[in-house]
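As a plain string of letters, each chain reads:
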Amino acid sequence: MGQHTATPVLPVVIDTDAGGDPDDALALVAAAGLPELALVLTGDELPGGYRARFVRLLLDLLGRPEVPVVAGRDLGNTRLNCVRELVPGTVPAQSGELLAAVEAVCAGPVRWVGLGPMSNLADVLTARPELAERIRLTQMGGALHYRDPSRAEHNIRVDPAAAHTVLARAHRPRLVLSDTTFTPELEIRVASATHRRLADPAAPAWAGLLAAHLAQWFTDFHPGTIQHDALTLSAALELPFVGFTAERVALDELGRMSRSAPGTPVELSGPADHRAFLAWLDRLLDPASRAEVA
């Protein structure tokens, strides 16, 4: 299987559309435990930079106030907002200086963990194409066999032009496909053990914020959330849960992905060890376990 060469600890950049499907926020809880977490960017922003303000609040509650949060590109979408009225007015708007923030952490190689559309990274690689050699990209997105053949996978479909730009400029990205992640085995459902722990009135404030976020998702969209993004984070950290193979792919005008001999060289996710991954994630989402580590 194609694998990145093992590397020293590198700064981690999270690029997320947190505030919609709660899997982003749950992945951020996992990432907040990393000393090397250096920057969080928000994409597919909501009016007023609300996603960035939600992320700022969550990181502060998790004890990471020093990690910068930058509000990225607003694509005009407002449907996936499951953090309504959860951010106090005292949480300020976050910086929109995307390029400056990325340049500040890219003095050397970084792990870029893409959990939403690729708009922010496309903007960075357009303005500073030389950074492609420093950015080790692991992106949640794409599918070879998407469940709706008429459409591209969500993270690509939201901004297909950005996906085309990133695949053209990034250096051998790792793509965690929805073929790998879209499975009920990775779903946290309403009233599951994880949900109950987060919703416990005695749980810390960060868990209560997540429980309220989950409640909006469960009420408005679906009684479960599949952990696409935390699995992608684990792959970016080179944990042994997801296998990858070297492939070449192309995107059509809608962003639908296919194997293509003259296409872009990438690493595509294959089978995953769901049980081992969920055991890892469950520890990180357990308020009691996090308290012991702290």
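Structure's up top.
Treat the numbers as computed from the prediction; the structure is a model and nothing was measured. (Residues numbered from 1 in each chain as written. Predicted model: local features only at pLDDT ≥ 70, side-chain atom pairs only at ≥ 80, totals over all residues. Heavy atoms only, no water.)

1. As for the layout of surface pockets
Sizing a probe to match a water molecule and rolling it over the atoms shows the empty space that remains. The cut-off we apply is this: Cavities and pockets were defined on a 1 Å grid built over protein atoms only: a cavity is a set of grid points that admits a 1.4 Å probe from which the probe cannot escape, a pocket is an open set flanked by protein on both sides within 12 Å along at least five of seven lines, and lining residues are those with an atom within 4 Å of any such point. Grid points are joined across faces, edges and corners, and a volume is the space filled by probe spheres set on the points. Side-chain classes follow a simple rule in which Ala, Val, Leu, Ile, Met, Phe, Trp, Tyr, Cys and Pro form the nonpolar group, Asp, Glu, Lys and Arg form the charged group, and the remainder, Gly included, forms the polar group.
Taken as a whole, the largest pocket holds about 740 Å³ of empty space. Surrounding the largest pocket, 31 residues form its lining, Asp21, Leu80, Arg147, His154 and Trp217 being those nearest its centre. Looking at side-chain class alone, the lining of the largest pocket contains nine nonpolar, nine polar and 13 charged residues.

2. Remarks on the sheet that holds strand E9 (residues 242-251)
Our working rule: A pair of strands is treated as paired once DSSP finds two or more bridges between them. Helix numbers and strand numbers start at the N terminus; a helix is a DSSP run of H or I with at least 4 residues, a strand a run of E with at least 2. Under this scheme, a helix contributes an axis fitted over its contacting stretch, all axes are lines through C-alpha atoms, and angles between N-to-C directions fall in the 0 to 180 degree range. Should any heavy atoms of two residues lie within 4.5 Å, those residues are considered in contact.
One open sheet holds the nine strands; their spatial order is E3-E2-E1-E4-E5-E6-E11-E9-E10, and the pairing between them is mixed. One side of each edge strand has no neighbouring strand; the edge strands of this open sheet are strand E3 (69-71) and strand E10 (257-259). The average angle at which neighbouring strand axes cross in this sheet is 30°, direction not considered. Pairing between strand E5 (residues 135-140) and strand E6 (residues 174-176): three bridges, direction parallel. What sits directly across from Gln139, in E6, is Leu175. Contacts between helix H3 (residues 98-105) and the sheet are confined to strand E1 (12-16), strand E2 (37-42), E3 and strand E4 (110-114), with E2 contributing the most and set at about 160° to the helix.

3. Considerations on the packing of helix H4 (residues 119-127) against helix H6 (residues 160-169)
Just so we agree on the cut-off: Should an angle lie under 35 degrees it is considered roughly parallel, over 145 roughly antiparallel, and from 65 to 115 roughly perpendicular; all remaining angles are considered oblique. Crossings are assigned a handedness: left-handed for a near helix turned anticlockwise from the far helix by less than a right angle, right-handed for a clockwise turn.
At a minimum axis distance of 8 Å, the contact between H4 and H6 shows a crossing angle of 50°. Relative to H6, the element H4 is oriented oblique. In this structure, H4 crosses over H6, and the sense of that crossing is left-handed. Residue-level inspection shows Ser119, Leu121, Ala122, Leu125 and Thr126 of H4 in contact with H6, the latter providing Ala162, Thr165, Val166 and Arg169. Here the residues of the contact of H4 with H6 sort into five nonpolar, three polar and one charged.

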